Amino acid sequence: MSATNRSKHSSAKTNQKKRKSGRKPLILRFLSSAGTVILTTILSFVLLFAVTGTICAIAAAIYMTDYMEKTQKVSIQEMMTSFATNIYEKDENGEWIVTYTVSPEIKRIPIKLSELKQYTRDAFVCAEDERFYSHEGIDYKRTVASFANMILNFWDTDQGGSTITQQLVKNLTGDNDVSPQRKIREIKRAMQMEKDYSKDEILEAYMNYVGFGGAANGIEYAANKYFGKKASELTIAESACLAAIPQNPEKINPFAGHNEQAHNDVTGTDYYTDTKINTGREENRKRMEYILMQMYDNGAITFDEYQEALNEHLVFTDTDEYLLAHPERSQVNEDGSMSLKDEDEDKPNSWAVDEALNEFANQLMEENGISHERAMTIINTGGYQIYTTVDREMQNYIEEKFSDLDNLLAGMTNTKATTFYRDLNGDGQYTDEENMTLQSGFTAIDYRGRVLCTVGGIGPKIGSLGTSYASNEPQQPGSAIKPVTSYGFALENNYIQWGTHVLDYPPLQVKDEKHPGQMKLWPTNYADTNDVTVYTNQKIDIYYALQVSKNTIPALICKTYGTQKVFDFATQTLGLQLYPKDNDYAPLAVGALTHGVTVKNLANAYMVYGSGGKYSPAHIIEKITDAEGRALVLPGDSYNQVIGEDTAYIMNKLLQNVVQNGTGTAAQMMRNGRFLPIAGKTGTTSDWYDLTFVGLNPQFVSAIWIGYPKNKRIQNHFAIKSPQVWKNAIGEWIQQHYDDEDFNKDFPEPPEGSVVSGQVCAYTGKLAGMGCPKENGIGYWKTSVNPYCDNRELGLGYNAFEDYSDDE
């Protein structure tokens, strides 16, 4: 073999060996093949899942987009309609305080965010949503946590994963379904809300809406409930305490707890005692400390403020410490212990609250043509804030007087002597249920038309929004109507003056009901003796006719000038609420009205005689704001000059003369030996069913009515004088609140030179001259009507009414 061939052969062997030595073992070659298959399979599945996931994601995105588009957005204004309607009065310091809350289920008082301390706002943000001011409604970290919480239940409530905006959305919508769909709706609504409202608007709504345990919603109500103060007055520690509650209101609120459980060894059963074990304080303290740390960590408070808040002693309204310091909110229990008054207790409204609710309801009825029931529904759910004109001190005083009928009858008679005894069932027994005792109503109004106090019945108030003999139960005013009908009309139009001579003779003839087919003179005057009615057929002065309450003169005015003019003056000028049928002689002349007028309305009509002729509709509501803080226009906002100042001044002097010399002398009052300026008019119906008195002093006008709930002649009526009843009700108050310095104050003076005063000429009834025969007393005349006696130097003036025929 040649060398060349050997070389080739050797090379081939070498290559063969190399190929043999490079082959993998069988097991490795098997595993390699299997791995390739598995990897391919896995990659295939991954690709499949990726494609499927993409398809699902696209489908989900399409679904969510469509679902979110169909999700209705939420308006913060919807929350406003669930605010409680609150009624306010001013306390002795002139501060507004809530005296009544109208809300069947949820109680809240709205407050502006700007009224809260910055640290109070920060407490809630740090507690519930520390990234509130940086996110757009959704905190994605919290959202992931929230979805996980649905499955694993990390927190006791699902609020742990929600922003403040989401929590507000959930509360507003009441959408509590635990599902992904609900969370999607919530996210969409929260994002939309962030576009529609500012952060501060959202935070304000949240703090007004969030629950604080039980019926308490909103921070203002919670601050009052737990600390007895306004939310604007909260300390850092108190703010953190309240911010701790919303996470679990029924568990973490400071009043949370349960009744102590005990075991009955005899029966072998467990039962709950009346002893309450508080568990909320400890739970609240834990979260409060966490929130304070959050506030410090987020720079909301300094380290010193943090330490001070941790060590602050919190005084809750259910503690003896608070109750002793605030007796007005405490009550003594049967065992002698003290507790917070149950402000949610179902008890009758006060007279003032009833008056405010009815006044607002009447306005809504008139403006919208709705029923009283519908109006009350609107009030109860509308979140209105109603501020009243009530003088709480006067209201308490008058309610105390009306607690017992004998207070009003003092010095005259008593309850027993005036009781109308009845045996309705014929069993021969006169029971309290069958007998009738006198009832009464009283209202005081200042000269801007503001109701200062009102009471609608004698004794404890029963029920709410019922009968009030002061404001919604019309009564017959009798002669008390004369100054606001005939006399007021004639004086304003210069038809009469102080000493105008008029004939005391019945000006009309009417059918005689006792003698069919015959006519009789009408009206006649009432005499105190034996129910005899009389007239003198002589000329008398106007001031005297009003002083002794003649019936003939008002009827003469109505006949001479027409009932329509008198009716219009009473209703359109003075606001007297009369019926069309009252446009007649008997109603306008002697007060025999179709249905009567309320005590409040009568006093309101008289206010012009103490205000210098200005009138405003009587109102117990000073202002109303709706749930969004907008002020409503109220009827009481008007205050106008409706009669001349000279007319008002002279009528006031005529009514003072009634008290000084006429039927109202029982209303006279003195202080330090001096008479107080009191003007007034009595009213008595001819059958003695009703007694009325309207009294004016420089501070306010007030009126009182007394009679039975049903028309019956008052027992022992001769002993009762309506001016004395009025004085028994309010006289002491007037005397106590009329300081010595007030003796220089009187009713408003008329413009200078518009009224003159002096003695009355006995011949002409005008301002007497030097030679005129003079009547007793001082008279007042308008200068615009030539008040001076003609030929007054000689006293030979003529009677301006000589042409009046006695036969007319």
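Residues numbered from 1 in each chain as written. Predicted model: local features only at pLDDT ≥ 70, side-chain atom pairs only at ≥ 80, totals over all residues. Heavy atoms only, no water.

**Quick word on the overall build of the protein**
Of regular secondary structure, the protein possesses 27 helices and 25 strands. For the protein, the residues scored as buried account for 48% of the 808 residues in total. Considering only contacts within the protein whose residues lie at least 6 apart along the sequence, 65% involve residues at least 24 apart. For the protein, the computed accessible surface area is about 40100 Å², with 50% contributed by carbon and sulfur atoms. (Helix = DSSP H or I, 4+ residues; strand = E, 2+ residues; numbered from the N terminus. Buried < 20%, exposed > 50% of the residue type's maximum accessible area, 1.4 Å probe, protein only. Contact = heavy atoms within 4.5 Å. Areas by Shrake-Rupley, 256 points an atom, 1.4 Å probe, with all protein chains shown as cover.)

**So, the confidence of the model for the protein**
On average, residues of the protein score 84 in pLDDT, and 80% of them reach the 70 mark or higher. Here residues 54-71 is modelled with pLDDT under 50, and outside its nearest four sequence neighbours on either side it reaches 11 contacts, counting other chains as well. Between residues 792-808, whose pLDDT stays under 50, and residues either more than four places distant or in other chains, the model counts 37 contacts. (pLDDT = per-residue confidence, 0-100.)

**A few points about the pairing of strand 7 (residues 385-388)**
Burial along strand 7 is two-sided: Gln385 and Tyr387 facing one way and Ile386 and Thr388 facing the other are all buried. The pairing of strand 7 with strand 17 (residues 621-625) spans four bridges and is classified as antiparallel. By the bridge assignment, Tyr387 is partnered in strand 17 with Lys623. (Pairing = 2+ DSSP bridges.)

**A short note on helix 10 (residues 236-243)**
In terms of residue burial, helix 10 counts as a mostly covered element, since eight of its eight residues are buried. If you follow the buried residues of helix 10, they end up packed against helix 4 (118-128), helix 9 (219-227), helix 12 (280-297) and helix 13 (303-311).

**Details of the pattern of salt bridges**
Note on pairing: side chains with opposite charge can pair once their charged atoms come close. Following the criterion strictly, the structure yields 13 salt bridges and no others. The salt bridge partner of Arg287 is Glu128, with a shortest N-O separation of 3.3 Å. In this pair, Arg287 is assigned in helix 12 and Glu128 in helix 4, connecting sequence segments 159 residues apart. Across this residue pair, the class does not change: Arg287 and Glu128 are buried. The partner of Lys199 in a salt bridge is Glu194, and the shortest N-O contact between them spans 3.0 Å. Exposure class is identical for Lys199 and Glu194. Each is buried. (Salt bridge = Lys/Arg side-chain N within 4 Å of Asp/Glu carboxyl O.)

**A short note on helix 9**
Most of helix 9 is tucked away: seven of the nine residues are buried. Residues of helix 9 that are buried sit in contact with helix 4, helix 8 (199-209), helix 10 and helix 14 (320-325). Downstream of helix 9 by one or two residues, Gly228 has phi in the positive range, about 65 degrees.

**A short note on the sheet that holds strand 1 (residues 85-90)**
One key point about sheets: their strands pair by backbone hydrogen bonds, in either a parallel or an antiparallel sense. Pairing is mixed in the open sheet, where four strands are placed in the order 2-1-7-17. The open sheet has two free edges, formed respectively by strand 2 (96-102) and strand 17, since each of these has just one partner strand. The sheet shows a mean angle of 25 degrees between the axes of neighbouring strands, direction not considered. Sheet analysis places strand 1 next to strand 2, joined by six bridges and oriented antiparallel. Each residue of the ladder has a partner; that of Asn86, found in strand 2, is Thr101. (Axes fitted to C-alpha atoms, helices over the stretch in contact; angles between N-to-C directions.)

**Describing the nonpolar core**
Among the nonpolar cores identified, the biggest contains 88 residues, and Val484, Tyr487, Leu576, Tyr606, Tyr609 and Leu696 are the most heavily contacted of them. For Tyr606, the residues in contact, after removing those within four places along its chain, are Ala480, Pro483, Val484, Leu655, Lys681, Val694, Leu696 and Val701. Judged by nonpolar contacts, the second largest core, of 59 residues, contains Leu168, Ala216, Tyr221 and Cys241. (Core = buried A, V, L, I, M, F, W, Y, C linked by side-chain atoms within 4.5 Å.)

**Some words on the side chain of Glu238**
Note that Glu238 resides in helix 10. Taking the relative accessible area as the measure of exposure, Glu238 reaches 6% and is therefore buried. Among the polar contacts listed, one links the side chain of Glu238 to the side chain of Lys229, at a separation of 3.1 Å. Apart from the residues within four sequence positions on either side, Glu238 is in contact with Phe227, Lys229, Glu233, Glu312 and Leu314. (Polar contact = N/O pair within 3.5 Å; in protein donor to acceptor, adjacent residues only side chain to side chain.)

**Section: the sheet that holds strand 23 (residues 700-707)**
Spatially, 9-8-23-22-21 is the arrangement adopted by the five strands of the open sheet, whose pairing is antiparallel. Each having just a single partner strand, strand 9 (451-455) and strand 21 (679-684) make up the two edges of the open sheet. Pairwise comparison of adjacent strand axes, ignoring direction, gives a mean angle of 10 degrees for this sheet. Relative to strand 22 (residues 690-696), strand 21 is paired through six bridges, and the arrangement is antiparallel. Directly across from Thr682, in strand 22, lies its bridge partner Phe693. Sheet strands touched by helix 26 (residues 645-661): strand 21 and strand 22. Its angle to strand 21, the strand with the most contacts, is close to 65 degrees.

**With respect to the environment of Glu749**
Positionally, Glu749 belongs in the loop between helix 27 (722-736) and strand 24 (755-761). Judged by relative accessible area, Glu749 falls into the exposed class, the value being 55%. Sequence spacing of Glu749 and Ala648 is 101 residues, and the spatial spacing of their C-alpha atoms is 9.4 Å. Setting aside its immediate chain neighbours within four residues, Glu749 contacts Glu645 and Tyr649.

**A short note on the packing of aromatic side chains**
With the rule as written, the count across this model stands at 26 aromatic pairs. Note on Trp498 and Tyr543: the rings are 5.6 Å apart at their centroids and 20 degrees apart in plane angle, and the pair reads as stacked. Of the two residues, Trp498 sits in the loop between helix 20 (486-492) and strand 10 (501-503) while Tyr543 sits in helix 21 (residues 542-547), which places them 45 residues apart along the sequence. For Tyr543, a relative accessible area of 12% puts it in the buried group. Their ring planes at 90 degrees and their centres at 6.2 Å tell us that Tyr606 and Tyr609 sit as a pair that is edge-to-face. An identical accessibility class is assigned to Tyr606 and Tyr609; each is buried. (Phe/Tyr/Trp six-rings, centres within 6.5 Å; stacked < 30°, edge-to-face > 60°.)

**Overview of the packing of helix 4 against helix 12**
Helix-helix packing: each pair is described by the crossing angle between the helix axes and the interaxial distance. Interaxial distance between helix 4 and helix 12 falls to 9 Å at its minimum, and their mutual angle equals 105 degrees. The orientation of helix 4 with respect to helix 12, classified from their angle, is roughly perpendicular. Contacts between helix 4 and helix 12 involve Tyr119, Asp122, Ala123, Cys126, Ala127 and Glu128 from the first element and Arg287, Ile291, Gln294 and Met295 from the second. The residue makeup of the contact of helix 4 with helix 12, split by class, is six nonpolar, one polar and three charged. (Parallel < 35°, antiparallel > 145°, perpendicular 65-115°, else oblique. Nonpolar A, V, L, I, M, F, W, Y, C, P; charged D, E, K, R; others polar.)

**Things to note about the pairing of strand 23**
Sheet faces and side chains relate simply in a regular strand, where the side chains alternate between the two faces. Counting buried residues in strand 23 gives eight out of eight residues, a clear majority hidden from the surface. Alternating residues of strand 23 divide into Phe700, Ser702, Ile704 and Ile706 and Val701, Ala703, Trp705 and Gly707, and every residue in both groups is buried. Relative to strand 23, strand 8 (residues 439-446) runs antiparallel, the two being bridged by eight bridges. Paired with Gln439 across the two strands is Gly707, which belongs to strand 23. Direction of pairing for strand 22 relative to strand 23: antiparallel, over a ladder of seven bridges. Note on strand 23: the bridge partner recorded for Phe693 is Ile704. Between strand 22 and strand 23, which pair antiparallel and follow one another directly, the connecting turn spans three residues.

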